[in-house]
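As a plain string of letters, each chain reads:
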Amino acid sequence: MTIASCVLDSILIANRGEIACRIMRTAKKMGIRVVSVYSDIDADALHVKMADEAYRLEGKSSLDTYLNQAKILDIAVRSQCQAIHPGYGFLSENAEFANAVEGNRLIFVGPSSEAIRNMGIKSTSKEIMIKAEVPVIPGYHGEDQNEEILMEQAERIGYPLMIKAVRGGGGKGMRIVRDSANFLAQLRSAQRESQSAFNDSKVLLEKYIQSPRHIEVQIIGDRYGNYVYLYERDCSVQRRHQKIIEEAPAPGISSEFRSRLGSTGVQVARAVRYHNAGTVEFIMDPSSGEFYFMEMNTRLQVEHPVSEMITGVDLVQWQLMVASGQELPLKQEDLQLRGHSFETRIYAENPYEGFLPGAGNLTHLRPPEHSDTIRIETGVIEGDEVSVHYDPMISKLVVWDENRTLALNKMKQALSQYQIAGLDTNINFLINLCSNDHFIQGDIHTGFIDQHKDELLTRTLPQTEIILQAALSLVLKQIQDAKLEKAKSNGNVFSLLTGFRMNHSHVKTVQIQHLNKEYNVQVTLSAHTYRVSIRGDPSSELCIKNASLTQVSKYGYELVAEGEKGRIRSSVVCLDGSVSVFTKTGSYQFNLPGKSYSLEPEDSALSDPSKVVSPMPGMVDKVLVQPGQAVKTGDPIMVIIAMKMEYVITSGTSGIIEEIFYAAGQSIQKNQNLVKIVPS
């Protein structure tokens, strides 16, 4: 197909989830027919429902589906698509796929396969940058991967250093090594993860800059040598080397520095004759104020919306225009930076257990209201499953305002309005992060979470009023449920409620738990007035009048009442076995003793050193021990793959392996016993 004269009328999106939906929205606005593909797991996914046509990629694993080039190309040809948009992840930075797309006379919405290849292999990209006189971090980018050579190079570079997969991305195949004693173990772990994620175990070594800032430049170029940069994003705050909050522009840098950074980003793109959208990532050394080329992501980034919000540019629209052979619609002098934008990634994970990813059903899902200054980018709806097979991101929450302070306040408010129940999320953590004084001041770096973990990862106990609201909500819901059964009884609603004591007033004791702490709450109803208190604490009593619980969704309710200090209005979610109360400072989940639903592991399982318990759902990748084998505390037992990341499970005691309950390839759930050890 001759690109110079092409006007796109149909594309296939070789991806899933929120990015497939994001691309789809712009394509449809442009009048382009959209074809989606889906795995068996995604048969009912939102990106399937939104597409004009959808085709099955038979199978469940990524390798059989979204990474299967032959299947995707066959569907693109059969559905008579002109182009393929790869999104991010999966095949988006696969040079062989880009080449195969063009070989089938289709358009690849992205750069040339040569540019992907040159920039995708980190060692090659560093050599190109050195020739282009772009500053790079000192390190080893050689082909010789012999362990002895790598150890020698590590000693030459000096510790601490960073091991990186040469084809890496998203934190996969990346390890920080602080001394030579841990080098080999970390090297082998990085190589295994890299092999699993990218089918290539090669790594490079780099000097690790202490407490750096991660700043990246959004660029886009056309096929006629025109380039612009859409300013920079600060992505410094990360966990497991993966971003969780991004902002644009970067705080605390001068306009001169901003211009130099942007120009260097364009210099990088020109060095590889790049066209379409891309991101040039830099490490900034806070001690010297200098920045160094880290890598180039030859695709649309997860965090691209913040660049769109501060420039008014639709990057997907520009991608499609460039892919069809058009020139960039604006020049650098036409672009104006306006306001400030933040993006937070809403993940199914538990920040308080090492950010371990989770999975499960989105039983209750209520995002904040969408507007011109608040965007919710997602690929799921209420009732969908977050699968262990894919990334645990539920959505991206993006806000804009006139300056950083206003934008951050808007983000905190939007996070407090984001309601999810049914699985663990990082929303409470993100609220803490956005409220942190150092973050508010823009004092950020890649080690920010570790440095401030005591403040960020401390779970606060609920205030007394929240505990009482949870108990009252349960009682009000029981009364509502009892009314539905009234016709089957003698007409007395309270005769249907277990736990009520019948006298002049109606009294019920509610037992609820939060973080394994139990609360006994007494609820007394008399003449349309509720007196609610924590048993044994008379000072906690709250007198409530005109209380009502209004159902607003399948599991969501609004609690409204007149309290002693004014009107109470709370959002609550009642599930089988739990009630969650959503507040301005975060949500609090209370479990009911004896019910099966619980997000917290049992204390007995965690305290028994003979049990090796799975900290998350996932799949067993390798079993590293066998029955009868002696192990020591801290020895690796199993390797688990969850959400495309590798986790090594270690022994909590010294002893003999008595029994192994799971083999490689088997799926496991959170808190399941993996191995039994007879302690020495």
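Fair warning: this is a prediction, and the values are worked out from it, not measured in the lab.

### Overview of the packing of helix H3 (residues 69–78) against helix H4 (residues 95–103)
Put simply, H3 and H4 touch, their axes get as near as 11 Å, and they point 25° apart. Considering the angle they form, H3 stands roughly parallel to H4. The two elements H3 and H4 meet at a crossing, and its hand is right-handed. Here Gln 69, Ile 72 and Leu 73 of H3 lie close against H4, whose contacting residues are Glu 96, Phe 97, Ala 100 and Val 101. Its residues assigned to classes, the contact of H3 with H4 shows 5 nonpolar, 1 polar and 1 charged.

### Thoughts on the environment of Asp 391
By the secondary structure assignment, Asp 391 is in the loop between strand E23 (385–386) and strand E24 (393–401). According to the relative accessible area criterion, Asp 391 is partly exposed, its value standing at 30%. Residues Asp 391 and Gly 89, spaced 302 residues apart in sequence, show a C-alpha to C-alpha distance of 9.9 Å. Only 2.9 Å separates the side chain of Asp 391 from the backbone nitrogen of Met 393, close enough to count as a polar contact.

### Considering the pattern of salt bridges
Within this structure, the stated rule accounts for 39 salt bridges. Linking Glu 349 and Arg 239 is a salt bridge whose minimum nitrogen-to-oxygen distance equals 2.9 Å. Of this pair, Glu 349 sits in strand E18 (residues 349–350) while Arg 239 is found in strand E12 (residues 238–239), placing the two residues 110 residues apart along the sequence. You can call Glu 349 buried: its relative accessible area is 0%.

### Some words on the packing of aromatic side chains
On inspection of all chains with the given rule, the structure shows 9 aromatic pairs. Measuring from centroid to centroid gives 5.8 Å for Tyr 229 and Tyr 231, while their planes differ by 85°, and the two rings are edge-to-face. For the ring pair Phe 282 and Phe 291, a centre distance of 5.1 Å and an interplane angle of 75° mean the geometry is edge-to-face. Residue classification places Phe 291 among the buried residues on the basis of a relative accessible area of 5%. Three or more aromatic residues link up through ring pairs in this structure, and these residues are Tyr 66, Phe 90 and Tyr 390. The cationic tip of Arg 404 hangs over the ring face of Phe 439; the distance from NZ or CZ to the ring centre is 5.3 Å.

About the thresholds
- Residues numbered from 1 in each chain as written.
- Predicted model: local features only at pLDDT ≥ 70, side-chain atom pairs only at ≥ 80, totals over all residues.
- Heavy atoms only, no water.
- Axes fitted to C-alpha atoms, helices over the stretch in contact; angles between N-to-C directions.
- Helix = DSSP H or I, 4+ residues; strand = E, 2+ residues; numbered from the N terminus.
- Parallel < 35°, antiparallel > 145°, perpendicular 65-115°, else oblique.
- Left-handed = near helix turned anticlockwise from the far one by under 90°.
- Contact = heavy atoms within 4.5 Å.
- Nonpolar A, V, L, I, M, F, W, Y, C, P; charged D, E, K, R; others polar.
- Buried < 20%, exposed > 50% of the residue type's maximum accessible area, 1.4 Å probe, protein only.
- Polar contact = N/O pair within 3.5 Å; in protein donor to acceptor, adjacent residues only side chain to side chain.
- Salt bridge = Lys/Arg side-chain N within 4 Å of Asp/Glu carboxyl O.
- Phe/Tyr/Trp six-rings, centres within 6.5 Å; stacked < 30°, edge-to-face > 60°.
- Lys NZ or Arg CZ within 6 Å of the ring centre and 35° of its normal.

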